[in-house]
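What follows is the residue order along each chain.
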Amino acid sequence: MTSVLVLNGPNLNLLGTRQPEIYGKTTLADVEAMCAAHGQTLGIQVTCLQSNHEGALVDAIQDAKGVYDGVVLNAGAYTHTSIALHDAIVGVELPVVELHLSNIHARETFRHTSFIAPVAVGMICGFGARGYILALDALIGHLGGTS
Ligand code: CA2
């Protein structure tokens, strides 16, 4: 069975608690439940992880090799800073779909740069929590599935 890791980075555990005008009212638990339910619809296994720590995210990407077929990654603010995450993605040679709740290109200029984008299959941003569903569909389509 196709297996996908949905990996969320720093502060995304706060989803739904603050800044709903930017990130919506959906909690991380809601997002993870949505991903699991959509995985069932697609007939794939979805595992969700979140960490506030860059090294733990690097470990999760490295550990994904041989376990998962691809990764949906919302690296949070590390998107804009982390060469380590960029290198980890290159290192594992797994397809990664970059995902952001907000439209990072319509926000502060420091959010316009992504160290993930050059090594991702593609990016989905600006569609809120629904973006996770779109990202799963995009990843399964990329892997040769039906979506
Ligand atoms: O739009 C996204 O998904 C982001 O990855 C979210 C990051 C931000 O640094 C990126 O530029 C874009 C921030 C996640 C913080 O989430 C919070 C949610 C509620 C309250 C406080 C933070």
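In what follows, the structure referred to is the one given above.
So, here's what we can say about the structure.

What follows is about the overall build of the chain. Helices and strands together make up the secondary structure of the chain, namely five helices and five strands. Listing the helices and strands of the chain from first to last along the sequence gives β-α-α-β-α-β-α-β-β-α. On C-alpha atoms alone, the chain measures out to a radius of gyration of 14 Å, which is about the 15 Å that the 2.2 N^0.38 rule sets for 147 residues. Expressed as lengths along the three principal axes of its C-alpha atoms, the size of the chain is roughly 40 × 30 × 25 Å. Across the 147 residues that make up the chain, the buried fraction comes to 44%. Taking all contacts inside the chain whose residues are at least 6 apart in sequence as the whole, residues at least 24 apart take part in 76%. A total of about 7,000 Å² of accessible surface is found on the chain, and carbon and sulfur atoms cover 53% of it.

In a packed pair of helices, the relevant descriptors are the angle between the two axes and the axis-to-axis distance. The interhelical angle for the contact between helix α3 (residues 54-64) and helix α4 (residues 83-92), taken along N-to-C directions, is 10°, at an axis separation of 9 Å. The angle between α3 and α4 falls in the class roughly parallel. On α4, the residues that touch Glu54, Leu57, Val58, Ile61 and Gln62 of α3 are Ala84, Leu85, Ala88, Ile89 and Val92.

Let us look at the environment of valine 119. Along the polypeptide, valine 119 turns up in the loop between β4 (96-100) and β5 (122-125). Distance in space between the C-alpha atoms of valine 119 and glutamate 98 is 9.3 Å, their sequence separation being 21 residues. With residues up to four places along the chain from it excluded, the contact list for valine 119 reads His86, Ile89 and Val90.

Neighbouring the ligand are 17 residues; Asn74, His80, Leu101, Ser102 and Arg111 lie closest to it. Here an oxygen atom of the ligand sits 2.8 Å away from a polar atom, N or O, in the main chain of leucine 101. Take arginine 111: an N or O atom from its side chain is 2.8 Å from an oxygen atom of the ligand. When the free accessible area of the ligand is taken as 510 Å², the share hidden by the protein chains comes to 94%.

Moving on, we get to helix α2 (residues 28-42). Look at α2: 21 Å from first C-alpha to last across 15 residues, which is about the 21 Å you get at 1.5 Å a residue. Residues of α2 that are buried: Leu28, Val31, Cys35, His38 and Gly39. Across the axial projection of α2, the buried residues extend over an arc of 110°, all falling on one side. Exposed side chains of α2 directed beyond 90 degrees from the buried face belong to Ala29, Gln40 and Thr41. Buried-residue contacts for α2 involve β1 (3-8), β2 (45-50) and α5 (130-142). Of the residues flanking the end of α2, it is glycine 43, one or two places downstream, whose phi is positive at about 75°.

It is worth spelling out α5 at this point. With 13 residues, α5 should reach 18 Å at 1.5 Å per residue; the first-to-last C-alpha distance of 18 Å fits that figure. Turning to α5, its buried residues number three or more, namely Gly131, Tyr132, Ile133, Ala135, Leu136, Leu139 and Ile140. Where α5 is buried, its residues touch β1, α2, β2, β3 (70-74), β4 and β5. In the stretch just after α5, glycine 144 is the one whose phi turns positive, near 100°.

Thresholds, definitions, all that
Residues numbered from 1 in each chain as written. Predicted model: local features only at pLDDT ≥ 70, side-chain atom pairs only at ≥ 80, totals over all residues. Heavy atoms only, no water. Helix = DSSP H or I, 4+ residues; strand = E, 2+ residues; numbered from the N terminus. Rg over C-alpha atoms; globule rule 2.2 N^0.38 Å. Buried < 20%, exposed > 50% of the residue type's maximum accessible area, 1.4 Å probe, protein only. Contact = heavy atoms within 4.5 Å. Areas by Shrake-Rupley, 256 points an atom, 1.4 Å probe, with all protein chains shown as cover. Axes fitted to C-alpha atoms, helices over the stretch in contact; angles between N-to-C directions. Parallel < 35°, antiparallel > 145°, perpendicular 65-115°, else oblique. Near = heavy atom within 4 Å. Polar contact = N/O pair within 3.5 Å; in protein donor to acceptor, adjacent residues only side chain to side chain. Expected span 1.5 Å × (residues − 1). Arc of directions from axis to C-beta.

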